[in-house]
There are 2 protein chains.
Amino acid sequence: MPLLNALDTLIEALKRLPGVGQKSAQRMAYHLLQHDRTAMPRLADALTAASEGIRHCERCHTFSEAPICGVCADTERDGRLLCVVETPADQAALERTGSYRGYYFVLLGRLSPLDGVSTREIGAAELLVRASEAGVGEVILATSFTAEGEATAHVLAEALRVRGIKSTRLARGVPVGSELEYVDLGTIAHALTDRR
Amino acid sequence: MPLLNALDTLIEALKRLPGVGQKSAQRMAYHLLQHDRTAMPRLADALTAASEGIRHCERCHTFSEAPICGVCADTERDGRLLCVVETPADQAALERTGSYRGYYFVLLGRLSPLDGVSTREIGAAELLVRASEAGVGEVILATSFTAEGEATAHVLAEALRVRGIKSTRLARGVPVGSELEYVDLGTIAHALTDRR
Ligand SMILES: [Zn+2]
Ligand SMILES: [Zn+2]
């Protein structure tokens, strides 16, 4: 007889998901067992396939099942542009805009010295090698507009500048569709500074 | 090449969990892949074990890995009491109080004619057979104090009464530790009616 029964083991495993505490995990387990049995093997299979099949693209570091991801393998894109993002989710968001046709480099994090995330963890050296390739004309630093994202962009911009590589930053400004009245003052100040 | 890649398949499978939409599923998948790879086979194994190992107790219908659950198999409990609850979670809550030593019957739902949940789905016939066993002196109807839970209790109480079986209902009242000022009026009214 195992120490934990199958139900408690399932609840404990579900609690490893971000944002899922004891109550949600219990509710999820009961829901699956009582109302959606077919979802259980399906999720188990998806977890196994993802765990075994998903690695990082050797070129841009995003999640990929192939050694080189689909974007990096696409020779039709604009090789002069290299966009640096923090996460595959950020890359996916940029792709969804349909307005960027260059390549990417995914840091898989941002500098956070207090959490032990240094330039090594975010692959800064690999980024510099990639950015130094012939043909790259501009590195767009699309890290978040948070303190850590800004610090990351600053450090990378400096390292690129030393190597004679031009870098830019996404424009800060008022979100499309917002009324000025409801936009926070810092954003309005930045929109004024970055005005076109 | 599959229609969906491993990442999208994982996100779709996570969306089957209750309360998990596109954004949370994406966040969960990225978190697992980037920060908690070991949680993935663990959750996959727990899902498979639960899916294959957990059935319903033949006697009380709660989740059980054995044909008869631990509570039903415990001959030390008080056979005169049979407590009817809606879900295994409700049963677990009652067990945690440590103040009930009888047996249970788990409906796995409550009457909801609009959703097609009839007396058959909640095992009313099996409950009546179980409650008619020699030695059962009182059936405690511990369904929720919601409209559907009350209707379920009412229907079951009537069916038990016809068969000459006594049923009771949990007391409605002011939660322990509450100040009257903050308790809703309906609860106070019930607490007055059910005053001891
Ligand atoms: Zn790539
Ligand atoms: Zn049982």
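Within an unreviewed UniProt entry, the label attached to chain A reads Recombination protein RecR, and the organism entered is Pelomonas margarita. Within the UniProt record for chain A, the comment given under Sequence similarities (unreviewed entry) is "Belongs to the RecR family." Database annotation for chain A, UniProt heading Function (unreviewed entry): "May play a role in DNA repair. It seems to be involved in an RecBC-independent recombinational process of DNA repair. It may act with RecF and RecO."

**Looking at the pattern of salt bridges**
Between side chains of opposite charge, pairing is possible as soon as their charged atoms come close. Residue and element names in this part refer to chain B. In this structure the tally under the stated criterion is 22 salt bridges over all chains. Two residues, Arg 59 and Glu 133, come together in a salt bridge whose shortest N-O distance is 2.9 Å. Pair noted here: Arg 59 is in the loop between strand 1 (55-56) and strand 2 (63-64) and Glu 133 is in the loop between helix 6 (124-131) and strand 5 (138-141), with a separation of 74 residues, a long-range link. With relative accessibility at 29%, the residue Glu 133 sits in the partly exposed group.

**Regarding the interface of chain B and chain A**
On the chain A side, the residues contacting the 43 residues of chain B number 43 residues. Taken over both partners, the interface formed by chain B and chain A buries close to 4,000 Å², and the fraction arising from carbon and sulfur atoms is 68%. Contact with chain A buries area across many residues of chain B, yet Arg 16, Pro 18 and Leu 47 of chain B alone supply 17% of it, more than any other trio. Summed over the shared surface of chain B and chain A, the number is 2 salt bridges. Measuring nitrogen to oxygen at the nearest pair gives 2.8 Å for the salt bridge that ties Asp 36 of chain B to Arg 16 of chain A. On the surface where chain B and chain A come into contact, there are 12 residue pairs in polar contact (both at pLDDT 80 or more). For the side of chain B that touches chain A, the elements supplying multiple residues, two or more each, are helix 1 (6-14), helix 2 (22-35), helix 3 (39-53) and helix 5 (88-97) of chain B. For the side of chain B that touches chain A, the element with the most residues is helix 3 of chain B, which contributes 12 residues. Looking at side-chain class alone, the side of chain B that touches chain A contains 27 nonpolar, 9 polar and 7 charged residues.

**Some thoughts on helix 1 of chain B**
Within helix 1 of chain B the residues assigned to the buried category are Ala 6, Leu 7, Leu 10, Ile 11, Ala 13 and Leu 14 of chain B. Buried residues of helix 1 of chain B, seen end-on, are gathered within an arc of 165° and therefore sit on one face of the element. Next to the buried residues of helix 1 of chain B lie helix 3 (39-53) and strand 2 (63-64) of chain A together with helix 2 and helix 3 of chain B. The opening residue of helix 1 of chain B, the one whose side-chain oxygen lies 3.1 Å from the backbone nitrogen of Leu 7 of chain B, is Asn 5 of chain B.

How each quantity is defined
Residues numbered from 1 in each chain as written. Chains lettered and ligands numbered in written order. Predicted model: local features only at pLDDT ≥ 70, side-chain atom pairs only at ≥ 80, totals over all residues. Heavy atoms only, no water. UniProt positions renumbered as here; feature names shortened; annotations may be inferred. Salt bridge = Lys/Arg side-chain N within 4 Å of Asp/Glu carboxyl O. Helix = DSSP H or I, 4+ residues; strand = E, 2+ residues; numbered from the N terminus. Buried < 20%, exposed > 50% of the residue type's maximum accessible area, 1.4 Å probe, protein only. Contact = heavy atoms within 4.5 Å. Buried area = accessible area lost by both parts, 1.4 Å probe. Polar contact = N/O pair within 3.5 Å; in protein donor to acceptor, adjacent residues only side chain to side chain. Nonpolar A, V, L, I, M, F, W, Y, C, P; charged D, E, K, R; others polar. Arc of directions from axis to C-beta.

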